[in-house]
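Listed below, chain by chain, are the residues.
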Amino acid sequence: MALYEHVFLARQDVSAQQVDALVEQYKGVIEAHGGKVGRVENWGLKSLTYRIKKNRKAHYALMDIDAPAAAIHEMERQMRINEDVLRYMTIAVEAHEEGPSARMQKRDRDDRPRRDGDDRGPRRDFGDRPRRDFGDRPPRGDRPAREDRA
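Here we summarise the structure given alongside this text. This is a predicted model, so every value here is computed, not measured. (Residues numbered from 1 in each chain as written. Predicted model: local features only at pLDDT ≥ 70, side-chain atom pairs only at ≥ 80, totals over all residues. Heavy atoms only, no water.)

## Here we look at the overall build of the protein
In step 1: Of regular secondary structure, the protein possesses two helices and four strands.
In step 2: For the protein, the succession of helices and strands along the chain, N to C, is β-α-β-β-α-β.
In step 3: The buried share of the protein, taken over its 150 residues, is 27%.
In step 4: Relative to all contacts within the protein whose residues are 6 or more apart in sequence, the contacts with residues 24 or more apart total 76%.
In step 5: When the accessible surface of the protein is summed, it comes to about 11900 Å², and 47% of that surface belongs to carbon and sulfur atoms. (Helix = DSSP H or I, 4+ residues; strand = E, 2+ residues; numbered from the N terminus. Buried < 20%, exposed > 50% of the residue type's maximum accessible area, 1.4 Å probe, protein only. Contact = heavy atoms within 4.5 Å. Areas by Shrake-Rupley, 256 points an atom, 1.4 Å probe, with all protein chains shown as cover.)

This is how it looks when you write it as structure tokens:
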């Protein structure tokens with residue numbers, strides 16, 4: 001059996017309990033076809049970058065799946081039918097990650113790079129580059145130079 005990571009987005013007006021019910025429904029589909037679902041993460045209600053079917057937000061859910069391809073096809077078929085699912089994506093992986101996903105990891109503000117210029121290196125100085133004077137530019141193509149410009 002192959003390993004997959006599956007993420008789906010549910011409409012913003014469904015409750016968190018309904019999202020959990022969707023996860024359980026699709027978990028049942030996978031298990032009925034001989035697969036198993038490992039880690040399940042609900043990322044909660046997040047803003048979308050752009051509107052999807054008139055929704056500005058969506059509930060995100062991640063599932064780690066170990067199942068045959070037929071089980072994945074059936075789950076995706078049912079997701080296409082379900083009006084509560086806005087988008088889904090299934091990716092085949094070599095191995096599942098241990099621990100929480102990158103989305104769920106709590107990052108400390110001190111771990112982020114500073115933006116005050118200390119870690120960016122020296123600034124480039126453009127003072128040694130000669131400036132181009134546009135007044136001595138040759139005319140384009142066969143068009144004569146305009147005399148009315150000062």
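Let's pick the thread back up.
## Quick word on the packing of aromatic side chains
In step 1: A full pass over the atoms with the stated rule returns two aromatic pairs.
In step 2: With 6.0 Å between their ring centres and 80 degrees between their planes, F8 and Y26 make a pair best called edge-to-face. One end of the pair, F8, is in strand β1 (residues 2-11); the other, Y26, is in helix α1 (residues 16-32), with 18 residues separating them in the sequence.
In step 3: Its relative accessible area of 0% is what places F8 among the buried residues.
In step 4: Ring centres of W43 and Y60 lie 6.2 Å apart, and the angle between their planes is 25 degrees; on these two criteria the pair is classed as stacked. Of this pair, W43 sits in strand β2 (residues 36-52) while Y60 sits in strand β3 (residues 55-67); the two residues are 17 residues apart in sequence, bridging distant segments of the chain.
In step 5: The buried category is assigned to W43, whose relative accessible area is 16%. (Phe/Tyr/Trp six-rings, centres within 6.5 Å; stacked < 30°, edge-to-face > 60°.)

## Some words on unusual backbone geometry
In step 1: Despite not being glycine, K53 has its phi angle at roughly 50 degrees, a positive value.
In step 2: Looking at the secondary structure, you find K53 in the loop between β2 and β3.
In step 3: Judged by relative accessible area, which is 58%, K53 ranks as exposed.
In step 4: Despite not being glycine, K54 shows a phi value in the positive range, around 65 degrees.
In step 5: If you trace the backbone, K54 turns up in the loop between β2 and β3.

## Let's talk about helix α2 (residues 69-81)
In step 1: Helix length check: α2, at 13 residues, gives a terminal C-alpha distance of 19 Å against a target of 18 Å (1.5 Å per residue), a fit within 8%.
In step 2: Buried residues along α2 sit against β1, α1, β3 and β4 (85-93). (Expected span 1.5 Å × (residues − 1).)

## Description of the sheet that holds β4
In step 1: An order of β2-β3-β1-β4 is seen for the four strands of this open sheet, with the pairing classed as antiparallel. Each edge of the open sheet is held by one strand with a lone partner, namely β2 and β4. For this sheet, the mean inter-axis angle between neighbouring strands, taken without regard to orientation, is 20 degrees.
In step 2: Alignment of β1 against β4, held across eight bridges, turns out to be antiparallel. By the bridge assignment for β4, L3 is matched with V93.
In step 3: Here α1 sits on the sheet and contacts β1, β2, β3 and β4; the angle it forms with β2, its principal contact strand, is near 130 degrees.
In step 4: Most of the contacts of α2 go to β4, to which it runs at about 165 degrees, and overall it touches β1, β3 and β4. (Pairing = 2+ DSSP bridges. Axes fitted to C-alpha atoms, helices over the stretch in contact; angles between N-to-C directions.)

## Details of the packing of α1 against α2
In step 1: Packing of α1 against α2 brings their axes to within 8 Å, and their N-to-C directions diverge by 150 degrees. Compared by their axis directions, α1 and α2 come out roughly antiparallel. Regarding α1 and α2, the two cross each other, and that crossing is right-handed. Contacts between α1 and α2 involve Q25, Y26, V29 and I30 on the former and, on the latter, A71, I72, E74, M75, Q78 and M79.
In step 2: Residues of the contact of α1 with α2, tallied by class, amount to seven nonpolar, two polar and one charged. (Parallel < 35°, antiparallel > 145°, perpendicular 65-115°, else oblique. Left-handed = near helix turned anticlockwise from the far one by under 90°. Nonpolar A, V, L, I, M, F, W, Y, C, P; charged D, E, K, R; others polar.)

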